[in-house]
Amino acid sequence: NSGWLPAKATWYGAPTGAGPNDNGGACGFKNVNQYPFSSMTSCGNEPLFDGGAGCGSCYEIRCVAANNPSCSGQPRRVVITDMNYYPVARYHFDLSGTAFGAMAKNGLNDKLRHAGIIDMQFRRVRCNFPGMKVTFHVQRGSNPNYLAVLVEYANVDGTVVRMELMQTRNGRPTGSWEPMRRSWGSIWRMDTSRPLQGPFSMRITSDSGKTLVANSVIPAYWRPDKAYGSNVQFY
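Just so it is clear, the structure is predicted and the values come from calculations on it, not from any experiment. In this numbering scheme, every chain counts its residues from 1 along its sequence in written order. Side-chain atom pairs in this predicted model are given and counted only at pLDDT of 80 or more, local residue features only at pLDDT of at least 70, and totals for whole chains, interfaces and linings cover all residues. Water and hydrogen atoms were dropped before computing side-chain values, which therefore reflect all heavy atoms in the structure.

Trainee: I'm lost on the domain arrangement of the protein in this one. Help?
Mentor: Many analyses report the size of an interface as the accessible area lost when the parts associate. As used throughout, domain bounds are those supplied by an automatic or database domain assignment. Splitting the protein by domain gives domain 1 (5–124) and domain 2 (135–229). Between domain 1 and domain 2, the C-alpha centre-to-centre distance is 29 Å. Note on contacts: a residue pair qualifies if any of its non-hydrogen atoms lie within 4.5 Å across the two residues. Each side of the interface is counted separately: domain 1 has 15 residues, and domain 2 has 13 residues. By buried area we mean how much accessible surface two parts lose on assembly, using a 1.4 Å probe and totalling the loss over both. Approximately 1,000 Å² of surface area, both sides summed, lies buried where domain 1 meets domain 2, with 56% of it carried by carbon and sulfur atoms. Salt bridge, as used here: a side-chain nitrogen of Lys or Arg that lies within 4 Å of a carboxyl oxygen of Asp or Glu. One can count one salt bridge joining domain 1 with domain 2. Throughout this description, a polar contact denotes any pair of N or O atoms lying within 3.5 Å of each other; where both atoms belong to protein, one of them has to be capable of donating a hydrogen while the other can accept it, and for residues adjacent in sequence the pair is counted only when both atoms sit in side chains. Linking domain 1 to domain 2 there are four residue pairs in polar contact (both at pLDDT 80 or more). Partitioning the side of domain 1 that touches domain 2 into residue classes produces seven nonpolar, seven polar and one charged. Think of it as three bins: nonpolar holds Ala, Val, Leu, Ile, Met, Phe, Trp, Tyr, Cys and Pro, charged holds Asp, Glu, Lys and Arg, and polar takes everything else, Gly as well.

As structure tokens, this is what we get:
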């Protein structure tokens, strides 16, 4: 039981939903009702969301019978996908209805959800998204002078605290990594007066300092609102 910290838990959205009505959130992730998030998601208040740097981080959560008789005490894993703007405690997980109910004993999911707010425990754990590689989703509105990219499905830390881009000019990589800046959530952007030229290689750094390079992952003729899967992953 080492490493468990106390927190408050609430829930929002549909009772068996993923939280936001659009299955998104302040991290920029989409379709969080589908694999690998599978509706097991949470808003985090500022120590957890961390200005977007906490997006994608994974936690085990649990509540025990002393917190509520419907609690199972079994750990369940959630991913930070949204921000909690109105915390009621130092650590406040505003969970999807699915994740909140998952802390209950069998058959008591709805009964636990009716509690509305409970004490719970949490701890940071490694993320593990079997079968997934890091994906770079070029955002709507991107153009040769403005590139915005959502990074998602990073294993282990789950988070990305630095993202850099390498352009291609005259058919060759420039050899120069250019830093992008966090736009919001897990979306990074680059604004430039000189049109950007792909293919783009991407280098990402997790919050424990591990780095990954996805070579030429975004093609020369990229399109806005399109996801480009890599062949790299943190292990």
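Trainee: Explain the state of the cysteines here, please?
Mentor: In a disulfide, the sulfur atoms of two cysteines are held together by a covalent bond. Only a pair of cysteine sulfur atoms within 2.5 Å qualifies as a disulfide here. Scanning the model with the defined rule gives three disulfides in all. Paired by a disulfide, Cys58 and Cys127 hold their sulfur atoms 2.0 Å apart. Torsion about the S-S bond of the Cys58 and Cys127 cystine: about 110 degrees, corresponding to right-handed handedness. Here Cys58, found in strand 3 (residues 58–62), pairs with Cys127, found in the loop between strand 6 (118–125) and strand 7 (135–138); they are 69 residues apart in sequence, far enough to count as distant. For the pair formed by Cys58 and Cys127, the shared burial category is buried. Here Cys63 connects covalently by a disulfide to Cys71, the sulfurs 2.0 Å from one another. The S-S bond linking Cys63 to Cys71 shows a torsion near -100 degrees; that makes this disulfide left-handed. A relative accessible area of 0% places Cys63 in the buried class. Buried residues are those whose accessible area, probed at 1.4 Å on protein chains only, stays under 20% of the maximum for their type, while exposed residues exceed 50% and partly exposed ones sit between those limits. Judged by its relative accessible area of 2%, Cys71 is buried. Here the protein pairs its bonded cysteines, counted in sequence order, in the arrangement 1-2, 3-6, 4-5. Free of any disulfide, Cys43 has its nearest neighbouring cysteine sulfur in Cys27, separated by 8.9 Å. A helix here means a DSSP run of H or I that spans at least four residues, while a strand means a run of E at least two residues long, and both kinds are numbered starting from the N terminus.

Trainee: Help me understand the packing of aromatic side chains in this model?
Mentor: Centre-to-centre distance and the angle between the planes together describe a pair of aromatic rings. Planes of paired rings set the category: under 30 degrees apart is stacked, over 60 is edge-to-face and the rest tilted, where pairs are Phe, Tyr or Trp rings (Trp by its six-membered ring) whose centres lie within 6.5 Å. Overall, the coordinates contain seven aromatic pairs when judged by the stated rule. On the basis of an interplanar angle of 55 degrees and a centroid distance of 5.0 Å, the ring pair of Phe93 and Phe122 is categorised as tilted. One end of the pair, Phe93, is in strand 5 (residues 92–96); the other, Phe122, is in strand 6, and 29 residues separate them in sequence. Residues Phe93 and Phe122 agree in their burial class; the two are buried. Ring pairing ties together the aromatic residues Phe29, Phe37, Phe129 and Tyr153, which thus form one cluster. Counting as a charge over the ring demands two things of the Lys NZ or Arg CZ atom: a distance within 6 Å of the ring centre and an angle within 35 degrees of the ring normal. A cation over an aromatic ring shows up here: Arg62 above the ring of Trp4, its NZ or CZ 4.2 Å from the ring centre.

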